[in-house]
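Geometric and topological summary
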Amino acid sequence: KEPEAVTFETPFGKFGIFTCFDILFYEPAVVLVSKMQVDTVLFPTAWMNVLPFLTAIEFHSAWAMGMGVNLLSANTHNTAKAMTGDGLFTPEGPAAYHYDSATEEGRLLLAELSAHPRLSPTYPPAINWSLHATSIEKFPGENDTFSGTVRKDIFTFRELGHKDGNYTVCQGDLCCHLVYQMSNKRRDEVYVLGAFDGLHGSLIKYHWQICTLLKCPSTNLSTCGQPVETAQTKFEMFSLSGTFGTSYIFPEVLYSGVQLAPGEFEVLRDGRLKSKHGTSKPLVTATLFGRLYEKDQPHPLRISL
């Protein structure tokens, strides 16, 4: 009757298990990592891909990086329900992943992972997610923002009007800073910097803080925030940061064709999500996805004693 946080010990590390939607909440997902100190999470799921922030490979890879553990994600493959995408994800990035919305074929993924990632010499250092963003002044030009919706969430957007620049967008307690340089500024593609600080969801409401560099589906700004899978613009560099009120931040970079960017970006200790050498493929989104678990509303179906 009472849900348990399940772990088990093996000769190759301590494992934890949770399922599907659990990954978006403090219990059991964060508890297993922070309190029970698991090395690896086994994650069976029937995950419906939702652009721009919640496709399976994008968010699950980001969660493994943000939490500093291995996540072995086994997704069902049902393209009629937009369910595809799984991987062997590590704190350093994806060791192997698969995304296929065109066929009904399954795939077995194999990779060699560190059994105790926290002891690995390549384990990422602790990050102060708001350090850089709170240390700099807002970039000028605050007036030309506009509102757009990402699946009913109202974001504050600002169009990236030039080939390169420094931009700031704020919403609520969150200010998002972006420094970027495109390889070329196309007339047929529009990118925005977006900020969202608020409750997401209908029945279950949970608090998100999001800073995102996002491609719009068309040059019509009213479409910004709607799903888009392909792009043609590459970036020489980008650096994204935000004044987050949480340490639970998941860094996402998604390329055209819903592909990940292993080894092509890093998170600095001061909280900047930064490209290493420019993007090898056109960019769909680069996002810092934050969760303020303590601001979640109580589940309406749970009766608290």
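What counts and what doesn't
Residues numbered from 1 in each chain as written. Predicted model: local features only at pLDDT ≥ 70, side-chain atom pairs only at ≥ 80, totals over all residues. Heavy atoms only, no water. UniProt positions renumbered as here; feature names shortened; annotations may be inferred. Helix = DSSP H or I, 4+ residues; strand = E, 2+ residues; numbered from the N terminus. Contact = heavy atoms within 4.5 Å. Disulfide = S-S within 2.5 Å. Buried < 20%, exposed > 50% of the residue type's maximum accessible area, 1.4 Å probe, protein only.

Another aspect to go through is the UniProt feature "domain: CN hydrolase" (unreviewed entry) in the chain. Residues given the UniProt feature "domain: CN hydrolase" (unreviewed entry) here are residues 1–115. The span residues 1–115 is 18% helical and 29% strand by assignment, and the distance between its end C-alpha atoms comes to 32 Å.

Our focus in this paragraph is the side chain of threonine 40. By secondary structure assignment, the location of threonine 40 is in strand S3 (residues 40–45). Look past the residues within four positions of threonine 40 in its chain and what remains in contact with it is Lys14, Phe15, Gly16, Asn70 and Leu72.

Tallied over the full model, the rule gives 3 disulfides. A sulfur-sulfur distance of 2.0 Å marks the disulfide that ties cysteine 170 to cysteine 175. What sets the handedness of the cysteine 170 and cysteine 175 disulfide is the S-S torsion sign, and at about 105° it is right-handed. Each disulfide pairs two cysteine sulfurs, and for cysteine 176 the partner residue is cysteine 211, the sulfurs being separated by 2.0 Å. Its torsion about the S-S bond being -80°, the disulfide of cysteine 176 and cysteine 211 is classed as left-handed. Here cysteine 211 lies in strand S12 (residues 206–215) and cysteine 176 lies in strand S10 (residues 174–182), a separation of 35 residues in the sequence. Of the residues examined, cysteine 176 reaches a relative accessible area of 0% and is grouped as buried. Among the cysteines of the chain that take part in disulfides, numbered as they appear in the sequence, the pairing is 1-2, 3-4, 5-6.

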